[in-house]
Amino acid sequence: MGRLFIEPARVLVTLLLLLTAAPVLAASAQALAWLDAQRQADGIYHTADSVALEPQVLTEILLARAAHGDDLAATPASIWTRFSAWAEADTEFLAGWIRAAAAAGHDHAVALGQLRARQNEDGGFADQPDGPSTVLATAFALQALHAAGVDSGAVLGPAVGFLMSRARSSGGWAVGTNISTVYTSALALQALAPLAGRYNLVATIDGAVTYLLNQRVGGGAYASDWETAHALLALMPVLADPGRYGTTLRALDDAQDLHGSWSDDPYPTALAVRALSLAERLSDPQAPPIPPAPTHGTMSGTLVGDADGAPLSGAQITVQELPELQAASLSTGRFELALPAGEPLTLVYQAAGYLQATQPVMVAPGEVTSVGTVRLTPMPDHGRLFGMVSAKDTGAALATAVLRLSGDVALDTPVGGDGAFDVALPGGNYAIAVEAPGYHPVAGSLSLQVGQAIHFAPVLVPESEPLDGTPAAVMGVVQNAETGAPLAGVSVEAPAAGLVVLTDAAGRFHFEGLVAGSYTFSLSRDGYHGASIMVGLVPSITADLGIIALPPVQESAGLSTVVGVVVHADDGAPVPGARASAGAQSTTTDGQGQFRLEGITEQDFSLLVTADGFASREYAIQLPEPGTLQISVGLTPYDRGGLRLSGLRAAQPAYEAHSEASLEIDLANTAQEAQIVRLYLEVNDPSGDSLGEQPVAPIMREEGALDAAHVTVEPGGQLTERFSWFTEAHPPGDYRLSLRAYQAFNGELLGERSLVLRILETRRIELVSVRPNPLYLTQGAVEEVGFDVLVQHRSNVPFPLEVTFQLADPQAQVLHTGTVALELRPEQTNRLETLEGTAVDAALPGAHPIEVFETSGYAPAVVHGQPLYVAPGTRVEIRQRRTPGVIAPDGSNPIDIEIKLEGKDQ
């Protein structure tokens, strides 16, 4: 993917070639005039024939006017009244109202509160109150929060995490269980793009861009005008190279009809105005970068209880110096919090039943750093009861439930809006009841130990559903809290029922035939901290405990581990071969830029990361205790002497073997003198070994250049060099291509850029040819005929090939069938196999065709069978003539004798 941060000057140069500012403004003005004509007497726009609903149309029209620079304060009151009537019906409509109201300067505090109440524990937003989280609702909500200026990491971080977790392998997003769609993916990317400077979204945005670009159906456009506009609104802010979406922008502009609309529909018309207005804004060299350069970094970590290592969900993480910055830990104990970069800050950890803890931290711009595992000390005489109440009929959280406790302490408290509760209790014995209007209550009891954390997950049955005494069941999945991998062989014990099961290979467990009552399930496995989960069961339900994460026990007491990834600071591409060291430990990054340093003995140590062609980075690490630190390191490629390299890119991300990879690099010169440089390309294979460094041969070179390896960049100038790399028979995998610019005369390295290019596994057959030997026979002969089988292939993996052929006579009677099995090797691009001869009876003259069949599944580009030719058999007739016919016995006259030989077919 290109750089996430726009370079306005470069965008201007390219965009002016695609779409000048004047046509953009004219198209937008004409479209807005058409929209005005659709407004009815009551101020409402005509939407009966639109592909969208009225509130969707109103949202886009108001946002289009704001994007065009119109003052929304002049919008008729009837529109706002009509819009507000829809706002509470759906999160999309509510988010649209907030975005429009924020653009108009209207008060939107009440609507914003309603929106934030729809955020669930998983970080996502629901379409309606108390509903499950969806991708669309979360995308709309994030856009509204951004428009309203909400900067709380406790709100934004979980929502970003939800969208990242729902991205499909294609890079896009889907609605429900459907396949990814352009609409959903474009909205999700629009929601994430403004947060690229706060969270580590490079891989997610890269995948979304790839997906969207691959969905174009022709001429750069998408299946509909409104999808084309949505895709552009998503792609333009995150692509530094307008050439990647230029055809799509032109296709949208060309789709405008003579009346000024798109598809005679206000919805795509308003979207198109927004897209064209954004393109015009990006062409302005004075426009600020979109998104802005990162001013924040992300701090993550995992909170667990010190006594049992159990993850702490719902713990509060705040910043002592900036109390408005908050986050809450998830059910796995993990949290993320965006912090201002470069500022020394103090994190404050608070969890029910545990003593408060603090930790000094500082983050770098745009990077994700982990404090590792933070252990909180239990209160001296307390334990913790936490969980969530859900409803059997909907499966959703039950926000109307009340938790009642009696025993050593009496407690009567409603659950939170997301159905969750978390209370600290002195150690002792308790009776528990959970009640909610319209549902059968659940009751049970527990014995809480000091320092113990018990997860209580009651499922309530509606009163409309009778409790018929059918036994209940319990199920769940156990995972590694650090990696998310399923844990097999975990012992899950229910002492009250005398039952014990082991999790299967997928980490699943299941109990059946349980009578109503309360059960405490204990989970244990060697090498992992245990967990206790309490469930109040009523008849006929199956209580799904969901995912239970067990943290691994630190294997080497007193030793720490650093797990990280090293990427380019400007485009997020991984940096293989970078060197990371901490104390006496050092390693290099793999092909994905990842590294792992184990056995670090100090808690305060320096982490140094270096790589050829990059400025080094050094971090002062302070761990509160031995543990695992996760870190993302962005290295900045250095540019010297005023020469700047940027935007190294390939025409496509992957190529087959024996292909020509088309590459480009942008060069700019900020110095006062011309820069004359030599460009060299080094390629490293998937294992990191160098394939050598060679001068590049640009496809185009200006007349009078020194030679093919020299490039001249004039002062203040910029140019794009195009060149190729041939993949040859290199094995499949990810190859790092590093382009270096050297000063032409003294050899000083002035700059370097790299990219990763994938060579695909290739089994390609160019030609399968069978030729008889000899090529000719005489009719009537019976001779040995051999066959030469030639295979030309352009592959990079060995594979078997089977070829079958038939030799027939001119009357299509098969004379011989042959088969040859070959093991093709990548380095042997031409394989010739000579078969032993077979007796052929040349009974008929003429061409004897050879038909060739490839029978092992690899279709050749060319199949050739050279015929065997049989010459016809002949007999010779002799004719003679003498002149003269009669002579005298003693004559001396000469005699002419003529002999004629004539061949006749047999």
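Residues numbered from 1 in each chain as written. Predicted model: local features only at pLDDT ≥ 70, side-chain atom pairs only at ≥ 80, totals over all residues. Heavy atoms only, no water.

A separate point is the overall build of the protein chain. A count of helices and strands for the protein chain gives 13 helices and 53 strands. Residues classed as buried in the protein chain amount to 49% of the 906 residues present. Taking all contacts inside the protein chain whose residues are at least 6 apart in sequence as the whole, residues at least 24 apart take part in 65%. Just so you have it, the protein chain exposes about 39,600 Å², and 52% of that area is on carbon and sulfur atoms. (Helix = DSSP H or I, 4+ residues; strand = E, 2+ residues; numbered from the N terminus. Buried < 20%, exposed > 50% of the residue type's maximum accessible area, 1.4 Å probe, protein only. Contact = heavy atoms within 4.5 Å. Areas by Shrake-Rupley, 256 points an atom, 1.4 Å probe, with all protein chains shown as cover.)

Evaluated as defined, the whole model comprises eleven aromatic pairs. Here the aromatic rings of Phe509 and Phe511 are separated by 6.2 Å at their centres, their planes lie at 65°, and the arrangement is edge-to-face. For the residue pair Phe509 and Phe511, the accessibility class agrees, reading buried in each case. (Phe/Tyr/Trp six-rings, centres within 6.5 Å; stacked < 30°, edge-to-face > 60°.)

Take the confidence of the model for the protein chain next. Confidence in the prediction for the protein chain averages 81 pLDDT; 88% of positions are at 70 or higher. Long-range and interchain partners of residues 287-293, a stretch whose pLDDT sits below 50, account for 18 contacts in this model, where long-range means more than four residues apart. (pLDDT = per-residue confidence, 0-100.)

Read across the sheet, four strands follow the order β47-β44-β42-β50 without closing on themselves; strand pairing throughout is mixed. Single-partner strands in this sheet number two, and they are β47 (830-841) and β50 (862-865). Neighbour to neighbour, the strand axes of the sheet diverge by 10° on average, direction disregarded. Alignment of strand β42 (residues 765-773) against β50, held across four bridges, turns out to be parallel. Each bridged residue has a counterpart across the sheet, and for Val768 the counterpart in β50 is Val863. (Pairing = 2+ DSSP bridges. Axes fitted to C-alpha atoms, helices over the stretch in contact; angles between N-to-C directions.)

Here we come to the nonpolar core. The biggest cluster of nonpolar side chains holds 87 residues, and the ones touching the most others in it are Leu115, Leu142, Leu145, Leu189, Leu212 and Met236. A per-element tally of this core places helix α13 (residues 266-282) first, with ten residues. (Core = buried A, V, L, I, M, F, W, Y, C linked by side-chain atoms within 4.5 Å.)

Moving on: the packing of helix α3 (residues 54-68) against α13. Across the interface, α3 lies against α13 with an axial gap of 8 Å and an inter-helix angle of 25°. In this view, α3 runs roughly parallel relative to α13, as classed from their interaxial angle. In this structure, α3 meets α13 at a crossing whose hand is left-handed. Packed against α3, whose contacting residues are Gln56, Val57, Glu60, Ile61, Leu63, Ala64, Ala67 and His68, the element α13 presents Pro266, Tyr267, Ala270, Leu271, Val273, Arg274 and Ser277 at the interface. Counted by class, the contact of α3 with α13 contains ten nonpolar, three polar and two charged residues. (Parallel < 35°, antiparallel > 145°, perpendicular 65-115°, else oblique. Left-handed = near helix turned anticlockwise from the far one by under 90°. Nonpolar A, V, L, I, M, F, W, Y, C, P; charged D, E, K, R; others polar.)

A separate point is the environment of Glu721. The residue Glu721 is located in strand β39 (residues 718-726) in this model. The exposure class assigned to Glu721 is buried, which follows from its relative accessible area of 5%. Glu721 sits 57 residues away from Glu664 along the chain, and the two C-alpha atoms are 5.5 Å apart.

Another aspect to go through is helix α6 (residues 109-116). Within α6 the residues assigned to the buried category are Ala111, Leu112 and Leu115. One side of α6 carries all its buried residues, which in axial view fall inside an arc of 100°. At its buried positions, α6 is contacted by α5 (91-104), β1 (125-126) and α7 (135-147). (Arc of directions from axis to C-beta.)

With that settled, consider a nonpolar patch on the surface. Among the surface-exposed residues, Ile878, Ile895, Ile897 and Ile899 lie close enough to one another that they form a single nonpolar patch of about 420 Å² accessible area. For Ile897, the position within the fold is in strand β53 (residues 896-905). (Patch = residues over 30% accessible without salt bridge, like charges linked within 9 Å, V, L, I, M, F, W, Y side chains within 5 Å. Salt bridge = Lys/Arg side-chain N within 4 Å of Asp/Glu carboxyl O.)

Following the criterion strictly, the structure yields 22 salt bridges and no others. For Glu336, the salt bridge identified is with Arg334, shortest N-O distance 3.4 Å. Residue Glu336 is classed as partly exposed on the basis of its relative accessible area of 28%. Here Asp412 makes a salt bridge to Arg404, at a shortest N to O gap of 2.5 Å.

Any two packed helices are characterised by how steeply their axes cross, that is the angle between the axes, and by the distance between the axes. For the pair helix α4 (residues 77-87) and α5, the least separation of the axes is 8 Å and the interaxial angle reads 145°. As α4 runs across α5, the sense of the crossing is left-handed. Contact with α4, carried on its side by Trp80, Phe83, Ser84, Trp86 and Ala87, involves Phe93, Leu94, Gly96, Trp97, Ala100, Ala101 and Ala104 of α5 and no other residues of that element. Of the residues assigned to the contact of α4 with α5, the class counts are ten nonpolar, two polar and no charged.

Our focus in this paragraph is empty space enclosed by the protein. This structure, assessed with the given rule, holds three cavities of 30 Å³ or more. Sorting the residues of the lining of the largest cavity by element identifies α3, α5 and α9 (182-192) as the ones contributing at least two each. (1 Å grid on protein atoms, 1.4 Å probe; cavity = no way out; pocket = protein on both sides within 12 Å on 5 of 7 lines; lining within 4 Å. Points joined across faces, edges and corners; volume = space filled by probe spheres on them.)

So, on to the side chain of Asp685. Considering the arrangement of structural elements, one finds Asp685 in the loop between β36 (675-684) and β37 (690-695). No salt bridge is formed by the buried Asp685; its nearest oppositely charged neighbour, Arg736, is found at 11 Å. A polar side-chain atom of Asp685 sits 2.7 Å from a polar atom in the side chain of Ser687. Apart from the residues lying within four places of it in its own chain, the contact partners of Asp685 are Leu691, Asp734 and Tyr735. (Lys, Arg positive; Asp, Glu negative; His and termini not counted. Polar contact = N/O pair within 3.5 Å; in protein donor to acceptor, adjacent residues only side chain to side chain.)

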